[in-house]
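Understanding the architecture of this molecule
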Amino acid sequence: MTLISASQIGKNYQTGEVVVRALQDISFDIKPSSFVSFVGPSGSGKTTLLNLIGCLDKPTSGSLKIADTNVLSLNRKQRAVFRGENIGFIFQDFNLIPVLTVYENIEYPLLMVQDTPSEERKKRVSELLAVVGMAEQKDKYPDQISGGQKQRVAVARALVTNPRLVLADEPTANLDKQTAYMVIDLMKKLRDEFKTTFIFSTHDPKVVGEAEIIYTLEDGAIIDRQMKAGEKHDESFQNCHP
Ligand code: ADP
Ligand code: MG
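Section: the pattern of salt bridges
Taken as a whole and judged by the stated rule, the model has 8 salt bridges. The salt bridge involving Glu127 is made with Arg124; its shortest N-O contact spans 3.2 Å. Of this pair, Glu127 and Arg124 both sit in helix H4 (residues 118–131), 3 residues apart, which is roughly one turn of the helix. Salt bridges here are not isolated pairs; linked through shared partners, they connect Arg191, Asp192 and Glu212.

Examining the site of ligand 1
The local shell around ligand 1 consists of Tyr13, Val20, Ala22, Pro41, Ser42, Gly43, Ser44, Gly45, Lys46, Thr47 and Thr48. A distance of 2.8 Å separates an oxygen atom of ligand 1 from a polar atom in the side chain of Lys46. Side-chain polar atom of Thr48 to an oxygen atom of ligand 1: 2.5 Å apart, as the coordinates give it. Considered on its own, ligand 1 offers 560 Å² of accessible surface; in the complex 62% of this is hidden by protein. Where the shell around ligand 1 is concerned, the elements lending two or more residues are strand E2 (18–30) and helix H1 (46–53). Top contributing element to the shell around ligand 1 by residue count: H1, with 3 residues. Partitioning the shell around ligand 1 into residue classes produces 4 nonpolar, 6 polar and 1 charged.

Section: the pairing of strand E10 (residues 221–227)
Of the pairings in the sheet, the one linking strand E9 (residues 213–218) to E10 comprises 6 bridges and is antiparallel in character. Paired with Leu217 across the two strands is Ile222, which belongs to E10. Hairpin connection from E9 to E10: 2 residues lie between these consecutive antiparallel strands, with Asp219 at a positive phi of about 45°.

Some thoughts on the sheet that holds strand E6 (residues 87–90)
One open sheet accounts for 6 strands, arranged E6-E7-E8-E3-E9-E10; its pairing is mixed. Looking at the sheet topology across the chains shown, the edges are occupied by E6 and E10. Each strand axis lies, on average, 20° off the axis of its neighbour in the sheet, ignoring direction. Of the pairings in the sheet, the one linking strand E3 (residues 35–39) to E9 comprises 4 bridges and is parallel in character. Bridged to Phe38 within E9 is Tyr215. Along the sheet face, helix H5 (residues 147–159) touches E6, strand E7 (165–169) and strand E8 (197–202) and points at about 170° away from the line of E6. Strands in contact with helix H6 (residues 177–194) are E3, E6, E7 and E8; relative to E8, the strand with the most contacts, it is inclined by about 160°.

Things to note about unusual backbone geometry
Positive phi values are uncommon outside glycine, yet Asp25 reaches one of about 55°. You can see Asp25 is positioned in strand E2. With a phi close to 50°, Ala67 is a non-glycine residue in the positive phi region. Along the polypeptide, Ala67 turns up in the loop between strand E4 (61–66) and strand E5 (69–70).

A few points about the packing of aromatic side chains
For any two aromatic rings, the description comes down to two numbers: the centre-to-centre distance and the angle of the planes. Inspection of the entire model under this criterion finds 6 aromatic pairs. Note on Phe35 and Phe198: the rings are 6.0 Å apart at their centroids and 55° apart in plane angle, and the pair reads as tilted. Of this pair, Phe35 sits in strand E3 while Phe198 sits in strand E8, and the two are 163 residues apart along the sequence. The class of Phe35 is buried, set by a relative accessible area of 0%. The class for Phe198 is buried, based on a relative accessible area of 1%. On the basis of an interplanar angle of 15° and a centroid distance of 5.0 Å, the ring pair of Phe38 and Tyr215 is categorised as stacked. Of this pair, Phe38 sits in strand E3 while Tyr215 sits in strand E9, and the two are 177 residues apart along the sequence. By relative accessible area, Phe38 is classed as buried at 1%.

Conventions adopted
- Residues numbered from 1 in each chain as written.
- Chains lettered and ligands numbered in written order.
- Predicted model: local features only at pLDDT ≥ 70, side-chain atom pairs only at ≥ 80, totals over all residues.
- Heavy atoms only, no water.
- Salt bridge = Lys/Arg side-chain N within 4 Å of Asp/Glu carboxyl O.
- Helix = DSSP H or I, 4+ residues; strand = E, 2+ residues; numbered from the N terminus.
- Near = heavy atom within 4 Å.
- Polar contact = N/O pair within 3.5 Å; in protein donor to acceptor, adjacent residues only side chain to side chain.
- Areas by Shrake-Rupley, 256 points an atom, 1.4 Å probe, with all protein chains shown as cover.
- Nonpolar A, V, L, I, M, F, W, Y, C, P; charged D, E, K, R; others polar.
- Pairing = 2+ DSSP bridges.
- Axes fitted to C-alpha atoms, helices over the stretch in contact; angles between N-to-C directions.
- Contact = heavy atoms within 4.5 Å.
- Phe/Tyr/Trp six-rings, centres within 6.5 Å; stacked < 30°, edge-to-face > 60°.
- Buried < 20%, exposed > 50% of the residue type's maximum accessible area, 1.4 Å probe, protein only.

See the structure below:
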């Protein structure tokens, strides 16, 4: 079974006369419940690729299927619905809403994206608050909690809609080393518990070691794939052209 199937994806950005080839010939298959990282230096194409997987942007060439849906055939509105139902996002700078409490930040996607009844909302938010260890801080505002705590709230917010896939673009870039490990560990624990697939990008070689499948990007191309024990029997890399 495959959750994400990308084939020969290319992405060009045109700014005036200049064309930037941000991604070229990107192919991979990712199974459900995977814990994957894309690593590479600044400018290697990590954000561009995550934006494509997150259906926030479209590639210039290639094909992309997520959960058996050809996401490139969706129009803008259909993409938004698809994202709301299937994908959670975690950002480098947390992106919490400053005027909402921890509780309200986590509840937000249930109100805005999925029209969830009030009782179920309460249950879901309380569950996520507990899993990320933020129940006692639920009435605090983002500026009253630490960076690590903010990212735990953001992880809870990404998961509250029960997505199949969570995308995290450099989620540990603004955290100290120890807190970074804690956030990655938390994501792994949630993968185990909810069977959600996590894909995160990083340029930190230490953090990337926590991933089970590691793709290395360089100049917009996948130049390496490493798999940890238990993930060996995957033929999909044969489709890649490093
Ligand atoms: P990373 O996240 O690994 O730092 P990016 O995906 O942001 O890499 O960028 C990949 C390449 O695409 C870089 O050369 C960058 O300058 C270029 N790029 C990214 N976004 C845009 C954009 N909106 N317009 C033009 N060029 C872009
Ligand atoms: Mg980036």
